[in-house]
Amino acid sequence: MCGGSGTRLWPASRPSKPKQFIPLAGNRSLFQETVLRVEPLVSDGSQLIIVAGVSHRSWIVEQLEELGIGAHVLLEPEARDSAAAMAAAAAWTEIRDPEGVNAFVASDHHITDNSSFQEAVRVAAGSARLGRVVTLGVAPTEASSAYGYIKPSGHGLSDVDRFIEKPDAPTAAEYIAAGYLWNSGNFVVAAQTLLSEMAIHAPAVEQAVRAALPVANGQSVEVLTEAFSSAPKISIDYALMEKTRLASVLEVHFAWSDLGAWDAIAASGEGDTGQHIFEDAEGCLARSSDGIMIAALGVRNLAIIAERDAVLVCDLSRSQDVKKIVERLKITSPQHLDFLRPVPEGLGEGAKRFADWLRVRALPTWATLGQSQDGVFAEVISLDGRPVATSRRARVQARQIYVYAQAGLMGWQGPWRRAVDTGVERLISDYLRNDGLCRTLLTAEGAPLDETAMVYDQAFVMFALAMAKAAGSADASLETRAVTIRDALRGRALANGALIESGDDAYQSNCHMHLLEACLAWEEVGGDKAWAELADQVVALARTTFIDSEGGFLREFFAADWSPAAGEAGRLVEPGHQFEWAWLMARYARARGDAGAMAVARTLYGHGVNGVVESLAVAVDGLNEDGTIRSRRARLWPQTEWLKAALILADASQDAEHRAYLEDAAAAQRALWFYLTDDGLWHDKRLPDRSFIEEPAPASSFYHIMAAFRQLADSEEAGLDALDLA
């Protein structure tokens, strides 16, 4: 449980980064220490569940990532205290394991004896399976007024006689003499027991959390629905523990602290951080942020806490009163209550910046440095703005024709028509063979280098010809040439309608995806009915063969009988292609009025999102078929496909689902910005450490970038209907 804001630990602990996410007693945060403490208990089908607020999502994801430990995260749209948090976790557990037992552990406690803690949880779990609600009661070491107390009916594991609020110090001493225990706030209880007791003693909480459970989507991070906000804001002690007849307490003797104030941090002996110099200073605690030096001379028993925007100096004996400072700040200086949090760029704001970047930077650069006067498009441009002589692929020539045709259709005032017309001339004269099909590769000088007619390349040539026609090309042969390629491909189709690709990966889904894109483009520009027939054929093939019948995800490579390929190739799932197929399926569904195809698109999108690593904020290159990450490298193009798919599905959705897709689109657009440079170029491959491989910008990425912008402009539901390149 990751609730609480730790106001007594201001200025280090603040709402956007409360104490559980700060290293207070060692190098790891309290949250990370807690995860490591409970992780050995997660075995034999058990699972680690984290309940936290939505504003702390990034801290949780990042810090779990640092540990390399997985968990299921339930995020609260609004803090409603511990009763609702615990009930939500119990309700989630009950659905998956009606006999399940939850150990509820606070994420901000300091326990050094992990093995004793784990053994205590196991003992308590035995009683919890018999229907008891067990809390861990810590044997006190001092008469502290910072903790609540429990009066047990006996030693060891016993019934609870009474819960007591935080007393003053003299009363606390009397309690300790009478055998009372500290209330640690850690509980072990069967999910069904907790929920049934809540239904009796706090029914509004129980009803709200059941209604708030999101529809399972396979994601490791889920946000509880707005129904959660209707739960009464009440602690588990008031809601249940003081009322239930099932309360038990297990006496434990390991060292424990909730590190609730600076005196507790000092007592841990591990609280000093940052640079400090003490001269004749005793019993002091010093904590400074990077670049700040603390020097103390001739003082005793002080906490000196220096953040970049605030400094606290207090007597350690007055640590509990820091919350009074926080109360005064609410009136006198509210800007110091929290750290300044940057607001993520929104979809509309980012889209306008995207339009400016295309209009002023990318399109002019690739129309000049990236294309010769006779229409040859460059394969790559170095990041210092130099074209690089290299062999030339047909797919790049075709993709760049699409880019500039689309730019013209969207109002760009640059030389798009020259780029399209000369680009088409070179495509026809240099790449098309005598049989009308397209060779795959030329030398840098333009001589044929590879005569292979790859399906992938044929699809892009047909697509480019459709876009040139849409942009008003005067070449009357465009459709005839496209039909020649189409009919040749149809003549090569297998009995199931699939095509065999040239090269090592003969049985694949990817070339068919671009074939579908070309068919849809020709449908939109008024091509004959055979384009629609071929589109129907490819979609049927995807639904029956390429998409796994059980998992609903798209596979990449196949054996000759169209079963999954052997080995790692058959288990590969590419998030970018899940998104790209989702986008095409949604376009197809919209054109045909096919609700089933739209459902397929949503399912594919869900599998694509499995590849969005939150700590990296990008969609990575590869997953395994079980949804685990295969490759943490992240290329540019999956970000554009994520953006396109989120936008088109937002257009087809309503209410909360619509908003969720738009939020994803904004995140995808922010991911894309990692790659784009101010010069109108881009990086292609991002490594797991967030650095980029230093290599020239590939022209082939421009097709993905422009298609994403086109979808932005088309998404009226996103409020971007006025977006263009004029």
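A brief report on the enclosed structure follows. Quick caveat, the model's predicted, so the values are computed rather than measured. (Residues numbered from 1 in each chain as written. Predicted model: local features only at pLDDT ≥ 70, side-chain atom pairs only at ≥ 80, totals over all residues. Heavy atoms only, no water.)

Our next topic: the overall build of the protein. What the protein contains, in helices and strands, is 23 helices and 28 strands. Oriented by its inertia axes, the alpha-carbon framework of the protein measures out at about 100 × 60 × 45 Å. Looking at the protein residue by residue over its 726 residues, the buried ones come to 56%. Once local pairs closer than 6 in sequence are excluded, the contacts in the protein between residues at least 24 apart make up 67%. Carbon and sulfur atoms make up 50% of the accessible area of the protein, which amounts to about 29,800 Å² in all. (Helix = DSSP H or I, 4+ residues; strand = E, 2+ residues; numbered from the N terminus. Buried < 20%, exposed > 50% of the residue type's maximum accessible area, 1.4 Å probe, protein only. Contact = heavy atoms within 4.5 Å. Areas by Shrake-Rupley, 256 points an atom, 1.4 Å probe, with all protein chains shown as cover.)

The next thing to look at is the sheet that holds strand β20 (residues 448-450). With antiparallel pairing, three strands are arranged side by side in an open sheet as β18-β19-β20. Each end of this open sheet is capped by a strand with a single partner; those strands are β18 (392-393) and β20. (Pairing = 2+ DSSP bridges.)

Across its 16 residues, helix α14 (residues 455-470) extends 23 Å between first and last C-alpha, which sits within 8% of the 22 Å expected from 1.5 Å per residue. Burial within α14 is extensive, with 14 of its 16 residues counted as buried. Downstream of α14 by one or two residues, Gly-472 has phi in the positive range, about 95°. (Expected span 1.5 Å × (residues − 1).)

Helix α7 (residues 203-212) packs onto helix α3 (residues 81-96) with a crossing angle of 50° between their chain directions and a minimal axis gap of 9 Å. Between α3 and α7, the crossing angle belongs to the class labelled oblique. Crossing hand, α3 versus α7: right-handed. Each of Ala-83, Ala-84, Ala-87, Ala-88 and Glu-94 in α3 lies in contact with α7, whose residues at this interface are Val-205, Val-209 and Arg-210. (Axes fitted to C-alpha atoms, helices over the stretch in contact; angles between N-to-C directions. Parallel < 35°, antiparallel > 145°, perpendicular 65-115°, else oblique. Left-handed = near helix turned anticlockwise from the far one by under 90°.)

This paragraph deals with the state of the cysteines. One pass over the full model with this rule turns up zero disulfides. Unpaired in this structure, Cys-519 has its nearest cysteine sulfur neighbour in Cys-511, at a distance of 12 Å. Judged by relative accessible area, which is 0%, Cys-519 ranks as buried. (Disulfide = S-S within 2.5 Å.)

Time to look at the nonpolar core. The biggest cluster of nonpolar side chains holds 134 residues, and the ones touching the most others in it are Leu-358, Leu-363, Tyr-404, Tyr-605, Phe-702 and Leu-725. Looking at this core element by element, the count peaks at 12 residues for α14. If we skip the residues at most four places from it in the chain, Tyr-605 touches Gln-578, Phe-579, Ala-582, Trp-642, Ala-645, Ala-646, Leu-649, Tyr-661 and Asp-664. If you look at the next biggest cluster of nonpolar residues, it comprises 41 residues, including Val-134, Val-138, Tyr-175 and Trp-256. (Core = buried A, V, L, I, M, F, W, Y, C linked by side-chain atoms within 4.5 Å.)

Let us now look at the sheet that holds strand β24 (residues 622-624). Strand order in the open sheet formed by three strands is β21-β24-β25, and the pairing between neighbours is antiparallel. With partners counted over all chains shown, the strands left at the sheet margins are β21 (572-573) and β25 (629-631), one partner each. When β24 meets β25, the two strands line up antiparallel, connected through two bridges. The residue of β25 that forms the bridge with Gly-622 is Ser-631.

The final tally for this structure, using the stated rule, is 34 aromatic pairs. Both rings, one in Phe-354 and one in Phe-709, keep their centres 5.3 Å apart while their planes meet at 75°; by these two values the pair is edge-to-face. Of this pair, Phe-354 sits in helix α11 (residues 347-368) while Phe-709 is found in helix α23 (residues 700-714), placing the two residues 355 residues apart along the sequence. Since its relative accessible area comes to 1%, Phe-354 is described here as buried. (Phe/Tyr/Trp six-rings, centres within 6.5 Å; stacked < 30°, edge-to-face > 60°.)

Let us now look at the side chain of Ser-144. Summarising the element assignment, Ser-144 is placed in the loop between β5 (133-138) and β6 (149-152). Taking relative accessible area as the criterion, Ser-144 reaches 11% and is therefore assigned buried. A distance of 3.0 Å separates the side chain of Ser-144 from the backbone nitrogen of Ala-146, its partner in a polar contact. (Polar contact = N/O pair within 3.5 Å; in protein donor to acceptor, adjacent residues only side chain to side chain.)

The next subject is the pairing of strand β8 (residues 181-190). Of all 10 residues that make up β8, nine are buried, and the element is covered over most of its length. Bridging between strand β3 (residues 101-104) and β8 involves four bridges; their strand directions are antiparallel. When the bridges of β8 are listed, Ala-103 appears paired with Val-188. Relative to β8, β5 runs antiparallel, the two being bridged by four bridges. When the sheet's bridge partners are listed, Val-134 is paired in β8 with Val-188. Bridge count for β6 against β8 is two bridges, and the pairing is antiparallel. Bridged to Tyr-149 within β8 is Trp-182.

Take Ser-29: it is sitting in the segment before α1 (30-38). A distance of 3.0 Å separates a polar side-chain atom of Ser-29 from the backbone nitrogen of Gln-32. Not counting residues within four places of it along the chain, the set of residues in contact with Ser-29 comprises Gln-20, Phe-21, Ile-22, Pro-23 and Gln-63.

Our next topic: unusual backbone geometry. Note the cis peptide between Trp-10 and Pro-11, where omega equals 10°. Position of Pro-11 among the secondary structure elements: in the segment before α1. The backbone of Asp-280 sits at a positive phi, close to 55°, despite the residue not being glycine. Mapped onto the elements, Asp-280 comes out in the loop between β12 (275-279) and β13 (285-288).

Two elements in contact, helix α12 (residues 394-409) and α14, have axes separated by 8 Å at closest approach and are oriented at 25°. With respect to α14, the axis of α12 lies roughly parallel. Like other packed secondary-structure pairs, α12 and α14 cross with a definite hand, here left-handed. From α12, Ala-394, Arg-395, Ala-398, Arg-399, Ile-401, Tyr-402, Ala-405, Gln-406 and Leu-409 reach across to α14, where they touch Tyr-456, Asp-457, Phe-460, Val-461, Phe-463, Ala-464, Met-467, Ala-468 and Ala-470. A class-by-class count of the residues in the contact of α12 with α14 yields 14 nonpolar, one polar and three charged. (Nonpolar A, V, L, I, M, F, W, Y, C, P; charged D, E, K, R; others polar.)

Applying the stated criterion across every chain, the model contains 41 salt bridges. Residue Glu-78 is joined to Arg-80 by a salt bridge in which the shortest nitrogen-to-oxygen separation is 2.8 Å. Given the relative accessible area of 35%, Glu-78 is considered partly exposed. Here Asp-430 makes a salt bridge to Arg-392, at a shortest N to O gap of 3.4 Å. Of this pair, Asp-430 sits in helix α13 (residues 416-431) while Arg-392 sits in strand β18, and the two are 38 residues apart along the sequence. Like Arg-392, Asp-430 is buried. (Salt bridge = Lys/Arg side-chain N within 4 Å of Asp/Glu carboxyl O.)

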